[in-house]
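Chain by chain, the residues run as shown.
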Amino acid sequence: MTQEELFKTLTAHAKEYGFIFQSSEIYDGLGAVYDYGQMGVELKNNIKKYWWEAMVHLNENIVGIDSAIFMHPKVWEASGHLSAFNDPLIDNRDSKKRYRADVLIEDYMAKLEERMNKEVEKGRRRFGEAFDEEQFRTTNPNVLRNKAKWDEVNTRMVEALNSDNLAELKQIIMDCEIACPISGTRNWTDVRQFNLMFSTQLGTISEEASTIYLRPETAQGIFVNFLNVQKSARMKVPFGIAQIGKAFRNEIVARQFIFRMREFEQMEMQFFVRPGSELEWFEKWKEARLAWYKALGLGDEKYRYHDHDKLAHYANAATDIEFEFPFGFKELEGIHSRTDFDLAQHQQFSGRKMQYFDPETGESYVPYVVETSIGLDRTFLAILSAAYCEEKLENGEERVVLRIPPAIAPVKLAVLPLVRKDSLPEKAREIMNELKYDFNCQYDEKDSIGRRYRRQDAIGTPFCITIDHDTLEDNCVTIRYRDTMEQERVPIVSLRSIMEKKVSLRSLLEKL
Ligand code: GAP
C-alpha cells in the first residue's frame, strides 16, 4: 500500500469506527471542519489529560487557565495579527484554484528531495554493503544538481518571505515552472496577502469597536492574564501558564484531513523568564517536549526538530517538532523564544504595566517568553497514523489493529462473556460494574468471540477480558492482549490492579 492509499484507508477507518466525521456531512460537509465521534472524543480527551498532567501537574511552577475565545479587538492589534497574520496567496486562472505561494514552492522542493532520495536508494542497491551514503550525497552529480537547486530555491523563498516580497515569490514559481496540480497550466495571478482571522460582530459595544475576532491562537489569552495569574497565584519568574482551547484560522490551503483545519484545538504554554535566560529555557523546553512525544512509544525515529530559517522579527530562536505523517515530515508543535514582544506590545496598547518585580535581583522588568505550542488535532492524527496497522495472521485471516498507547486508548478494556447464556453475561456484568469506575470499559456479547476481538482491535482497545464457563468455578478470567494476541489467565480479584499498572497515565508520566 502506498502512503497515499494508507492515508485514504486511515481516513475511512476513522469514520467507520467513530473517531472523526466530516462536519455537517448530511449537507455535503464544511471544508476543513471536522467533528470527533464517540471514539475520537475519548482519544482526544486522553491526549489533553496527558499534556495537562505533564505540563501543569508535574511542574510546580506551571499553572493552567481557560480564557475566552472572544477577546477585545485591541488584543489583535497589539499582537500584530490584524496587520500581519497573512498568507501569501496565488490563484490559477484556469482552474480557479487558490494556493499558498510558499506551499507551492515547498511542494516543489519536496519533489527535489524525493528525487535525491530515489537516487540514494539506487546507489544503495548498486553498491550493497559498501555503500557510504554521506560520500554518495556529496559526490553523485544528480544528487548535487538537485541539492544546489533546492538550496537556491530555499534561500530565495526565505528571503522573499522575510522581506514580504510578493513579486519575488511569484517569480520563483515562474522560474521553477510550477504548474497548477488541477489545470496543469502556469497561468498564475500575482501573489496577494490574505488575513487568516475570522471576524464577527459584537452587538453591545460601540459601532466602531463592534468587529471582533475568533482567536487564531490561545496564547494571547495567556499574555493578557499574565498579571492576574502572577499576582493571584504569587508565581515567581520563571513560571508558566498553560491553556488548552479552540483556535480558528481561515486556512486557504485546507487539506490532509485534520492536519490543517479551520477550527482546531491548541495546547499552549507560555513560560515567563528573566531576560537573558530565555535561550537556556528554550533548549530545556525543546528537550522536554520531545521526551513527551517519545514516551508515547510510537517510534523515536518518527520525530525530528526543524529549526526555523525564517525567524519572526520578535523571536530569537524557534524550532518545530515534526512528525513523519503518511504524507511526510510535518510540524506538530512550535517552540518559540518570543523575547518580551507580546507583553511589551500589550503594555503599550493597554497602557497597563506588564512588569514583574524580581525579588532576587531587586529589578522590575517585562519578562521574556518561551512558548510551546502544540496542535491537539495534529497530535491525534500522528497517533492514529502511527497506530494503524493491517496484519496477516498465521491462520491466514487479516486484522486491522490500532496500536494506540494503552494509557490514552479510547476504551481501556472490553468485557466479553464467551457465550450469551449459562449465567456468563451476568458474571461479565458483575465484573464490568466493578471496573467501570476506574476504566472506560465496553461490554459486548454479540457475535463470535473472534469477531468481537476484531472490533476491539479496530478501535485500539488494549485488553479484552473473556468470561468463560471455568470463570464460574475458579473466579478467573482470560486477558487477551491486543498487540500480541496472547492470552493470560488471572484471578478476578487482581484485575483492577493489573489493569491499573497497564493503562494508567502514570506509566507515561514516569518516563518524562
Ligand atoms: N502561539 C503560536 C502559534 O499559534 P503556530 O505555529 O501558528 O504557533 C501552533 O501554531 C501549532 O498549532 C502548530 O504547530 C500546529 O500543530 C497547530 N496548528 C496551527 N494551525 C493549524 C491548523 N490550521 N489546523 C490544525 N492545527 C494547526
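From a predicted model like this one, the values you see are computed outputs, not experimental measurements.

Draft legend 1. Region of interest: the overall build of the protein. When helices and strands are counted, the protein shows 18 helices and 23 strands. Here the C-alpha radius of gyration of the protein, 26 Å, is about what a compact globule of 512 residues would show, namely 24 Å. With the C-alpha coordinates aligned to their principal axes, the bounding extent of the protein is approximately 75 × 65 × 55 Å. Looking at the protein as a whole, 49% of its 512 residues qualify as buried. Surface summary for the protein: the accessible area is close to 25300 Å², and the carbon and sulfur share equals 48%. Across the protein, 70 positive and 83 negative side-chain charges occur, with their mean positions spaced 2 Å apart.

Draft legend 2. Representation of the environment of Ile404 within the structure. With respect to the secondary-structure elements, Ile404 resides in the loop between β18 (398-402) and β19 (413-417). On a C-alpha basis, the gap between Ile404 and Leu495 in space is 21 Å, while along the polypeptide they are 91 residues apart. In this structure Ile404 touches Phe19, Leu43, Ile383, Ala387, Ala409, Pro410, Ile459, Gly460 and Arg482, once residues within four positions along its chain are discounted.

Draft legend 3. The packing of helix α7 (residues 141-162) against helix α8 (residues 166-175), seen in detail. Contact geometry of α7 with α8 gives a least axis separation of 9 Å together with a crossing angle of 160°. Between α7 and α8, the angle is such that the two are roughly antiparallel. Remark: the crossing between α7 and α8 carries left-handed chirality. Here Val153, Arg156, Met157, Ala160 and Leu161 of α7 come into contact with α8, specifically with Glu168, Leu169, Gln171, Ile172 and Asp175. Among the residues forming the contact of α7 with α8, the class breakdown is 6 nonpolar, 1 polar and 3 charged.

Draft legend 4. Examining the sheet that holds strand β4 (residues 86-91) more closely. Taken in spatial order, the 3 strands line up as β5-β4-β6 in an open sheet, and their pairing is antiparallel. The sheet is open, and its two edges are formed by β5 (98-100) and β6 (192-195), each paired on a single side. Sheet twist, expressed as the average angle between the axes of neighbouring strands with direction ignored, equals 50°. Alignment of β4 against β6, held across 4 bridges, turns out to be antiparallel. Within β6, the position partnered with Asp87 by the bridge is Phe194. Packed onto the sheet, helix α5 (residues 101-127) meets β4 and β5 and runs at close to 70° relative to β5.

Draft legend 5. Focus on the site of the ligand. Taken together, 19 residues lie near the ligand, and Glu217, Met261, Glu268, Glu331 and Leu332 sit nearest. In this structure, Glu251 approaches the ligand through a side-chain N or O atom, which is 2.9 Å from a nitrogen atom. Within the complex, 91% of the 560 Å² of free accessible area of the ligand lies under protein. Breaking the shell around the ligand down by element, the ones donating at least two residues are β10 (263-273), β13 (328-337) and β16 (368-375). It is β13 that provides the largest number of residues to the shell around the ligand, a total of 5 residues.

Draft legend 6. Summary view of the nonpolar core. Ranked by size, the top nonpolar core spans 66 residues in total, and within it Phe19 and Ile408 carry the most contacts. The biggest single contributor to this core is helix α2 (residues 38-57), with 8 residues. Of the domains in this structure, domain 1 (1-72 + 211-392) and domain 3 (401-509) are the two that each give at least three residues to this core. Apart from residues lying up to four places away in sequence, Ile408 is in contact with Leu43, Asn46, Ile47, Tyr50, Leu296, Ile383, Leu505 and Leu508.

Draft legend 7. Here's a closer look at the packing of aromatic side chains. Evaluated as defined, the whole model comprises 24 aromatic pairs. On the numbers, 5.2 Å between centres and 0° between planes, the contact of Phe325 with Phe327 is stacked. On the basis of relative accessible area, Phe325 is assigned to the buried category, the value being 2%. Three or more aromatic residues joined by ring pairs form one cluster here, namely Phe7, Tyr34, Tyr50, Phe257, Phe259, Trp292, Tyr293, Tyr303, Phe323, Phe325 and Phe327. When the ring centre of Phe259 is taken as origin, the NZ or CZ atom of Arg378, which lies over that ring, is 3.7 Å away. A cation over an aromatic ring shows up here: Arg429 above the ring of Tyr443, its NZ or CZ 3.7 Å from the ring centre.

Draft legend 8. Quick look at the sheet that holds strand β11 (residues 303-307). Ordered in space as β3-β9-β10-β16-β13-β12-β11, the 7 strands form an open sheet in which the pairing is mixed. Looking at the sheet topology across the chains shown, the edges are occupied by β3 (62-65) and β11. Direction aside, neighbouring strands of the sheet carry axes that sit 25° apart on average. Sheet analysis places strand β12 (residues 317-325) next to β13, joined by 9 bridges and oriented antiparallel. Within the sheet, the bridge partner assigned to Glu322 lies in β13 and is Glu331.

Draft legend 9. Representation of the pattern of salt bridges within the structure. Inspection of every chain in the model, using the stated rule, returns 42 salt bridges. Among the salt bridges present, the one from Glu121 reaches Arg124, with a minimum N-O distance of 3.3 Å. Residue Glu121 and its partner Arg124 are both found in helix α5; the two are separated by 3 residues, about one turn of the helix. Judged by its relative accessible area of 36%, Glu121 falls in the partly exposed class. The salt bridge involving Glu360 is made with Arg274; its shortest N-O contact spans 3.4 Å. With Glu360 in the loop between β14 (356-358) and β15 (363-365) and Arg274 in the loop between β10 and α11 (278-294), this residue pair connects regions lying 86 residues apart in the sequence. Residue class for Arg274 comes out partly exposed when judged on its relative accessible area of 31%. Connected through salt bridges with shared partners, the residues Glu391, Glu397, Arg399, Arg403, Arg454, Asp457, Arg480, Arg482 and Asp483 form a single ionic network.

Reading the values: rules and limits
Residues numbered from 1 in each chain as written. Predicted model: local features only at pLDDT ≥ 70, side-chain atom pairs only at ≥ 80, totals over all residues. Heavy atoms only, no water. Helix = DSSP H or I, 4+ residues; strand = E, 2+ residues; numbered from the N terminus. Rg over C-alpha atoms; globule rule 2.2 N^0.38 Å. Buried < 20%, exposed > 50% of the residue type's maximum accessible area, 1.4 Å probe, protein only. Areas by Shrake-Rupley, 256 points an atom, 1.4 Å probe, with all protein chains shown as cover. Lys, Arg positive; Asp, Glu negative; His and termini not counted. Charge placed at Lys NZ, Arg CZ, Asp CG, Glu CD. Contact = heavy atoms within 4.5 Å. Axes fitted to C-alpha atoms, helices over the stretch in contact; angles between N-to-C directions. Parallel < 35°, antiparallel > 145°, perpendicular 65-115°, else oblique. Left-handed = near helix turned anticlockwise from the far one by under 90°. Nonpolar A, V, L, I, M, F, W, Y, C, P; charged D, E, K, R; others polar. Pairing = 2+ DSSP bridges. Near = heavy atom within 4 Å. Polar contact = N/O pair within 3.5 Å; in protein donor to acceptor, adjacent residues only side chain to side chain. Core = buried A, V, L, I, M, F, W, Y, C linked by side-chain atoms within 4.5 Å. Domains from an automatic or database assignment. Phe/Tyr/Trp six-rings, centres within 6.5 Å; stacked < 30°, edge-to-face > 60°. Lys NZ or Arg CZ within 6 Å of the ring centre and 35° of its normal. Salt bridge = Lys/Arg side-chain N within 4 Å of Asp/Glu carboxyl O.

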